[in-house]
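Structural features, examined
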Amino acid sequence: QAYIDGIHASYRQRLQDTGVAHIAQRGRLLDAQTVECGDGTRLHARHIVIATGSHALKPDLPGAGLGGVSDDFFALQAAPARVAIVGGGYIAVELAGVLHGLGSEVTLLVRGPRLLSEFDVEMTVQLAENLRQQGIVVRFGCQVQALQRRGDGIHAHLQDGPADAVFDTVLFATGRAPSTRGLGLEAVGVALDGQGAIVVDAFQDTSVPGISAVGDVTAQAMLTPVAIAAARRLMDRLYGGQPEARLDYDNVPSVVFSHPPLGGVGLSEEQARARFDTVRTYHSRFRPMLQALGDGRMRTLFKMVCAGEEERVVGIHLLGDGADEILQGFAVALKAGVTRRQMEDTVAIHPTSAEEVVLMR
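What comes next is a walk through the structure. Computed from a predicted structure; not experimentally measured. (Residues numbered from 1 in each chain as written. Predicted model: local features only at pLDDT ≥ 70, side-chain atom pairs only at ≥ 80, totals over all residues. Heavy atoms only, no water.)

In this structure the tally under the stated criterion is 14 salt bridges. With a closest N to O distance of 3.0 Å, Asp248 and Lys335 form a salt bridge. Here the residue Asp248 occupies a position in the loop between helix H6 (224-239) and strand S15 (254-256), and Lys335 occupies one in helix H9 (residues 323-335), the gap between them amounting to 87 residues. Relative accessible area serves as the criterion here: at 40%, Asp248 is assigned to the partly exposed category. Of the charged contacts, one joins Asp345 and Arg341 as a salt bridge, the two residues approaching to 3.5 Å between their closest N and O atoms. Owing to a relative accessible area of 55%, Asp345 belongs among the exposed residues under this scheme. Residue class for Arg341 comes out exposed when judged on its relative accessible area of 58%. Among the charged side chains, a network of salt bridges with common partners joins Asp120, Glu122, Glu269, Arg273, Arg285 and Lys303. (Salt bridge = Lys/Arg side-chain N within 4 Å of Asp/Glu carboxyl O. Helix = DSSP H or I, 4+ residues; strand = E, 2+ residues; numbered from the N terminus. Buried < 20%, exposed > 50% of the residue type's maximum accessible area, 1.4 Å probe, protein only.)

And the structure:
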C-alpha cells in the first residue's frame, strides 16, 4: 500500500507540474462537448476521452457475497491458510502464484478444460503442470454452484468436483466488465456493444464526433500498456500534427506473471492453422540451469510458430523464468517480419535460456 500510495503521489505531482487540472469528481456527459461533475460544475471541451477502465465481476450464485474479487486481494493483511481462486485467466493464475509464494494452500477451480484460453494450448498444459509441481491444486471442469459459511470456513459446493471443499478465503477471477454505467453515454448516442463496451474505430473514435475512448472500457486487448499506447497515438493525432496516428493492435505481446511467467506474441498454433495453409512449429523443452543445479522439476517450454514456405515467424510463446524479459526483444523481431532462417542465423548467447529461441528445432 505504501508503494502504491507513492505512485499515486507521483502521478498527482506530475499532473500539477504539467498544468493538468485534476478534478476528483464523478463525471457525466451532457452532450458531445460538455461534462457535468458531481458538484454541478460543467466543463466544455472540443475533445472528450473516456478512459474509465473495467471492474471485476462476481458470478450470480448463492453465497457469492462470501467471496471476494481481485480488488479484495489487495486489502488482505495476511495470507489466508486455505484459498480457492475461481477462474482460469490472467488474474486467477497470477494470484495463485502470489498467494502460494506467501504460504497459502491454493486451489484453482477452473470451469473450462484449461488455463488461459487466449494462449497456445501446449503452453498452458505445461503451465498447469508447473503449478502442480509447486503444490497448487488445479481442478478443471469444476464449477462452483454455491458458497456457504460454516464453523470451519467457507464451503464451496462444486459441480464435477469434490462434493464439498472448505476454504478460509474464496476469490472470484471470473471476468471483468467495462465501466460504462452512469456516464451518460446512451443519452448522447455513444454506441455500446452487447457487453457494454464502447464501440470505437481504428482511431479510437466513438460513434459521436468529438468523443473518443481508450483502454479496458473499449474491451480492446485489455492490457495497461495497450491503453497507454492507444492514448499516446490519439493525442499525436489530435494535437501532434499526425492525422494518421493510431495503434496497430496486431501482434501485441503479453505476459501472464505466473510462477514462472508465460508470455506470447502473435498467433497460437491453433490460430495459425486456421489462417494459413502451411504451418510448422518448433520447440525447446528443457530444465533451466538454476532448476537443474537445484534438482528442481520445473520445465521451461519455448515454442515458435511459422507460416508459409518462407517460414515467417507468426507466433513466439515462452514459458519459464525470464520469459517476460526475453519476449520484449523477440516481439520486435516478429513485428518486423522475421523468418526462421534469420533466427537461425543469429548467434546464440550461451549459457542463457534466451538462446533456445534461436536454436529451436
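A separate point is helix H1 (residues 2-17). Between its first and last C-alpha, H1 extends 22 Å over 16 residues, near the 22 Å set by a 1.5 Å rise per residue. Phi turns positive, to about 80 degrees, at Gly19, one or two residues after H1. (Expected span 1.5 Å × (residues − 1).)

The subject of this paragraph is the packing of aromatic side chains. Per the counting criterion, the structure on display carries 3 aromatic pairs. With a centroid separation of 5.1 Å and 75 degrees between ring planes, the pair formed by Phe73 and Phe74 is classed as edge-to-face. The exposure class assigned to Phe73 is buried, which follows from its relative accessible area of 14%. Note on Phe74: relative accessible area 49%, which makes it partly exposed. Between Phe286 and Phe302, the ring centres sit 5.5 Å apart and the planes meet at 90 degrees, which makes this aromatic pair edge-to-face. Here Phe286, found in strand S17 (residues 279-286), pairs with Phe302, found in strand S18 (residues 300-307); they are 16 residues apart in sequence, far enough to count as distant. As far as the burial class goes, Phe286 and Phe302 line up, both buried. (Phe/Tyr/Trp six-rings, centres within 6.5 Å; stacked < 30°, edge-to-face > 60°.)

Inspection of the secondary structure puts Asp216 in the loop between strand S14 (211-213) and H6. We note that Asp216 is buried and unpaired, the nearest opposite charge coming from Arg176 at a distance of 4.5 Å. A distance of 2.9 Å separates a polar atom in the side chain of Asp216 from a polar atom in the side chain of Ser54. The contacts of Asp216, once residues within four sequence positions are left out, are Gly53, Ser54, Pro178, Met222 and Leu223. (Lys, Arg positive; Asp, Glu negative; His and termini not counted. Polar contact = N/O pair within 3.5 Å; in protein donor to acceptor, adjacent residues only side chain to side chain. Contact = heavy atoms within 4.5 Å.)

With 4 of its 5 residues buried, strand S7 (residues 105-109) lies for the most part within the structure. Looking at chain direction, strand S6 (residues 82-86) and S7 are connected through 5 bridges and run parallel. For Ile85, the partnering residue across the bridge sits in S7 and is Leu108. Regarding topology, helix H3 (residues 90-101) serves as the crossover connection from S6 to the parallel S7, and that connection is right-handed. Relative to strand S8 (residues 137-139), S7 runs parallel, the two sharing 3 bridges. (Pairing = 2+ DSSP bridges. Right-handed = clockwise from strand over helix to strand, strands pointing away.)

Turning next to the sheet that holds strand S1 (residues 27-31). Spatial ordering of the open sheet is given by S1-S2-S3, a layout of 3 strands whose pairing is antiparallel. Of all the strands in the sheet, just S1 and strand S3 (42-44) have a single pairing partner and so form its edges. Sheet twist, expressed as the mean angle between neighbouring strand axes with direction ignored, is 30 degrees. The sheet contact formed by S1 and strand S2 (residues 34-37) spans 4 bridges and is antiparallel. Of the residues in S2, the one forming a bridge with Gly27 is Cys37. (Axes fitted to C-alpha atoms, helices over the stretch in contact; angles between N-to-C directions.)

Function cannot be read off these values alone, since they describe shape.
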